[in-house]
Structures are given as structure tokens and as C-alpha cells.
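# Notes for the structure review
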Amino acid sequence: MNDTKKYGFTTTILHSDRQKSIEHGSLHKPIHTSVTFGYRDARELAAVFQGKQSGYRYGRQGNPTVSALEEKITRMEDGLSSICFATGMAAIGALFQALLRQGDHVVSSAFLFGNTNSLWQTVSGQGIDVSFVDATDVQHVETALTAKTRIVFVETIANPRTQIADLRRIGELCRERGILYIVDNTMTSPYLFQPKTVFAGLVMNALTKSIAGHGNALGGSLTDTGLYDWTMFPNIFDTYKRNVPTQWGLAQIRAKGLRDFGGSLAPEAAHHIAVGAETIALRMERECANAVAVARMLEADSRVAAVHYPGLSSHPQHRIATELFRSYGSLFSFELKDGIDCFDYMNRLKLAVPASNLGDTRTLVIPVAHTIFYEMGPERRASMGIAESLIRVSVGIEDPIDLLEDFRQALDA
Ligand SMILES: *Cc1c(COP(=O)(O)O)cnc(C)c1O
């Protein structure tokens, strides 16, 4: 497919590597384990280091297997270019390392992945001011903005309570004010949603989850959508202003965030992620259909106190989800009625595995308040709407009948 025709999502991923010649006609981009790269002569080495000639310098800054994955992610997000990292957290950490300075202000959704929340706490102790707001309404974001606000950061669907940010209106606000809008797209994945459509400047993905999809590799990525005007961003060093402004942001992040911080993705992991990514559409279709079925079954049961899933019409942001996303995601959470112990319930499940990952092919369950949100304490949990009995479910690709039966029999027991 060496032409410029626009193909569908899966066709594009499957044939992405072949856009460039691959060694020996291999259909998978090979795993290049070499940390260093030799050149014909010393002048060529210098030219590569000075960016006058394309090529690889040292494994921490770039690797051919990782580059092939970066191009794939860029195509998935319809972006300009991407950088991969060792984990999703390394990608988020690199943002702050590379883009923020003392006295800067960040507006972040209050409904956040637990470790991102923890990272923000660290950052606020280092001279950067962070405001946590209820991002389901753009008004709260607008009220929090100051002259020093550099970044607005939100997740698409919050884990575990599934609140959905007011994605489009926040995007419009940021565009109007020239503020960098960063969207963590992990919970939707580029198959369900492309944050570029709501004017995000940077898109973050934890590749570990739905993109790799099998719980066998860690990885993260940042994609520049090309929509943000980096000349509006005051923290770009002159060194990274040599190329066209659309490249300033990622150039600085690749140097200050990836190169200097060192959270580089290993080529073996990049290979696992690339293979996993080939089937993301197939997996997500099945996972989302399974999630709708199980969430509906639980919602209709009198022993269940609440089910939080954007696919239910009872969900406060059901309309936004319907409008923006291809489907409602593979994650939901629920609360049992008083008197039913959440640990006992999970112990009665025969298929769903008690484990902390999500976006896996297998269905995983976790008691949120006692595990991933334990460290933050009861007050902050309550402010995020997390009940002490909340069970999070990451729905896998099991046969729907088996899954429904498993969640039902655990209620009956
Ligand atoms: C898992 C996750 C991350 C972090 O990704 P890791 O690869 O585990 O570091 C960030 N954001 C969201 C929404 C996640 O679910």
C-alpha cells in the first residue's frame, strides 16, 4: 500500500511498517537490540548528532523498532509525530520534566489515574502550582485558569468512576486562550476516540493497556496532533526552535524528557506492543460489547447499589460519550448493596481475575479503595466519588455467556 489513499484503522496499522522498506522483506519490524550505531566515517557521525542527517545515535534517544511503533501510534492518532516511553507514567513524567518551570500553573482533572494524581502532588511540591477541578464541566476549568496556566490535562474516561471530561468545550477554551491541551486517551484508545477531534495539542497513551492489549508489555507514548501553536508556549529553549514550530514541542520533550530522564521503551517491548496493536479494533469491539452486557445485567439486579459505565443511559455523561466515542469502553465499576462484602463477591468469581491491570484480554477485577487508591486516603477518595466497596472491572474478550454467568453466579451465592 505504497500510496496516499486513506485506509481504515486496522488496515493502516497492519501495513504501517511496510511504508518503509523492512530488512529482508520481514512483515514485522525486526527487534533491533543494538544500543549504539556505527557510521561510515566520523563526519557522518557528527552530521547525525547535529540533526543534519537522519540516523540513530544511542538507544536511549531512539531505536529503529521503537521508531516503527512511533509511526504506528502517530497513524492511529492521526497526528504529526510521536515519542514512545518505557511506561505510561514515564510519558506523563516527561511532560512535566520537559515543559514546566517554577511558577507555572497546571489545571488538571480531579478524576485521575492514581499514579498521575500522585505525580501531580510531587510536582506541586516542586514549585509548580496544580489546580484539580471537576473537568466534567468546562466552567470549572475556565474558572481555574490564570495568566500562568501552561497546561490543561484531562483523561477521556476517568478510571475507575468513568466520569467523562467536557472534552470538546475544554478543547475550544484552550484553543481560544493558546493553552496547551493534553488528553490522556488510555481509557478510550485511539480506536474509540481521537483527541485531535476536540483540539488536543498532545495525546498521551499508556500503551500497556488496550494498545498492547495482552498484559505482556509496558509502554507509553505522546503524540503531537499538530494543532497546538508552539510559538505560544513560553518554555521552549532556543535550541529546539531550529526547525518549524510544529516540531518544537516534541523536539524538546525528546531531549529534555526522554533523553535526559531516560524512560526509554525497550525494543522487545515495542515489538510486543506493535503485535498487540494489530488487533486492537477486534479486541475493543468484543470488550465493549461484553462490558455493555455485564453492566446492564448488574444494573438490573436488586443486590447492586450502583453501576458506573458510560454505556448506561443512567450515566451522567452518556450523551457526550455517545456523541464522541465509537463505543463506551471496556471498563466499568460498581457498588454492591450494604451487607454484601466486596471481597467475598470477588472471591466467588471463577473467571474474572483479581488483578490491577486493565485493557487486558482477560477480565480483571480489583477492590479500588483497598488497592490502587489506598495510598491517597479516605478524604481524597470521597472527593473523587470512590466508594469503599467499589469494584472496578476491566472487561476482557471472554465469550459473553461465560462472563455474564460468572458475574451472576457470584451474586447468587
Ligand atoms: C495505566 C494508566 C497510566 C499509566 O500507564 P503505565 O504504563 O502503567 O505507567 C496512565 N493513565 C491511565 C489513564 C492509565 O490507565
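What you see is a predicted model, and the numbers here were worked out from it, not measured in a lab.

Moving on: the nonpolar core. Core analysis: the largest hydrophobic core is formed by 57 residues, its most contacted members being Leu167, Leu298, Phe334 and Phe407. Shared between two domains, this core takes at least three residues from each, and those domains are domain 1 (9–277) and domain 2 (281–412). Among residues more than four places away in sequence, those in contact with Phe407 are Val294, Met297, Leu298, Phe334, Tyr345, Leu349, Ala352, Thr363, Val365 and Val393.

According to the domain assignment, the chain contains domain 1 (9–277) and domain 2 (281–412). Domain 1 and domain 2 are separated by 28 Å when their C-alpha centres are compared. Counting the surface lost from both domain 1 and domain 2, the interface buries some 3100 Å², and carbon and sulfur atoms represent 59% of this. The tally of links between domain 1 and domain 2 comes to 14 residue pairs in polar contact (both at pLDDT 80 or more). At the level of secondary structure, the elements contributing two or more residues to the side of domain 1 that touches domain 2 comprise helix 5 (114–124), helix 7 (167–177), helix 8 (189–192) and helix 10 (267–277). Tallied by class, residues from the side of domain 1 that touches domain 2 come to 17 nonpolar, 18 polar and four charged.

Further remarks concern helix 4 (residues 88–99). Taking 1.5 Å per residue as the helical rise, helix 4 with its 12 residues ought to reach 16 Å, and the 17 Å between its terminal C-alpha atoms agrees with that figure. Taken across its 12 residues, helix 4 has nine buried, putting it largely inside the fold. Near the N-terminus of helix 4, the side chain that reaches the backbone nitrogen of Met89, with its oxygen 3.4 Å away, is that of Thr87.

A separate point is helix 3 (residues 64–77). Under the 1.5 Å per step criterion, the end-to-end length of helix 3 is 20 Å for 14 residues, consistent within 8% with the ideal 20 Å. Among the 14 residues of helix 3, 12 are classified as buried, and the element is accordingly described as predominantly covered. Looking at helix 3, one finds that the buried residues are Pro64, Thr65, Val66, Ser67, Ala68, Leu69, Glu70, Lys72, Ile73, Thr74, Met76 and Glu77. Among the residues trailing helix 3, Asp78 stands out with phi positive, at a value near 55 degrees.

Attention shifts here to the site of the ligand. The local shell around the ligand consists of Thr87, Gly88, Met89, Phe113, Glu155, Asp184, Thr186, Ala206, Thr208, Lys209 and Gly219. Measuring from an oxygen atom of the ligand, one finds a backbone N or O atom of Met89 at 2.9 Å. One of the side-chain nitrogen or oxygen atoms of Lys209 is found 2.7 Å away from an oxygen atom of the ligand. Here the ligand loses 93% of its free accessible area of 380 Å² to cover by the protein chains.

Another point: the sheet that holds strand 7 (residues 220–224). Within the open sheet, the seven strands sit side by side as 1-7-6-5-4-2-3. Their pairing is mixed. Of all the strands in the sheet, the pair left with one neighbour each is strand 1 (81–85) and strand 3 (129–133). On average, each strand axis in the sheet is tilted by 20 degrees relative to the strand beside it, whichever way the strands run. With five bridges connecting them, strand 2 (residues 105–109) and strand 3 associate as parallel partners. Within the sheet, the bridge partner assigned to His105 lies in strand 3 and is Asp129. Running at roughly 150 degrees to strand 6 (residues 202–206), helix 4 makes contact with strand 1, strand 4 (149–155), strand 5 (180–184), strand 6 and strand 7 of the sheet.

The rules behind each value
- Residues numbered from 1 in each chain as written.
- Predicted model: local features only at pLDDT ≥ 70, side-chain atom pairs only at ≥ 80, totals over all residues.
- Heavy atoms only, no water.
- Core = buried A, V, L, I, M, F, W, Y, C linked by side-chain atoms within 4.5 Å.
- Buried < 20%, exposed > 50% of the residue type's maximum accessible area, 1.4 Å probe, protein only.
- Domains from an automatic or database assignment.
- Contact = heavy atoms within 4.5 Å.
- Buried area = accessible area lost by both parts, 1.4 Å probe.
- Polar contact = N/O pair within 3.5 Å; in protein donor to acceptor, adjacent residues only side chain to side chain.
- Helix = DSSP H or I, 4+ residues; strand = E, 2+ residues; numbered from the N terminus.
- Nonpolar A, V, L, I, M, F, W, Y, C, P; charged D, E, K, R; others polar.
- Expected span 1.5 Å × (residues − 1).
- Near = heavy atom within 4 Å.
- Areas by Shrake-Rupley, 256 points an atom, 1.4 Å probe, with all protein chains shown as cover.
- Pairing = 2+ DSSP bridges.
- Axes fitted to C-alpha atoms, helices over the stretch in contact; angles between N-to-C directions.

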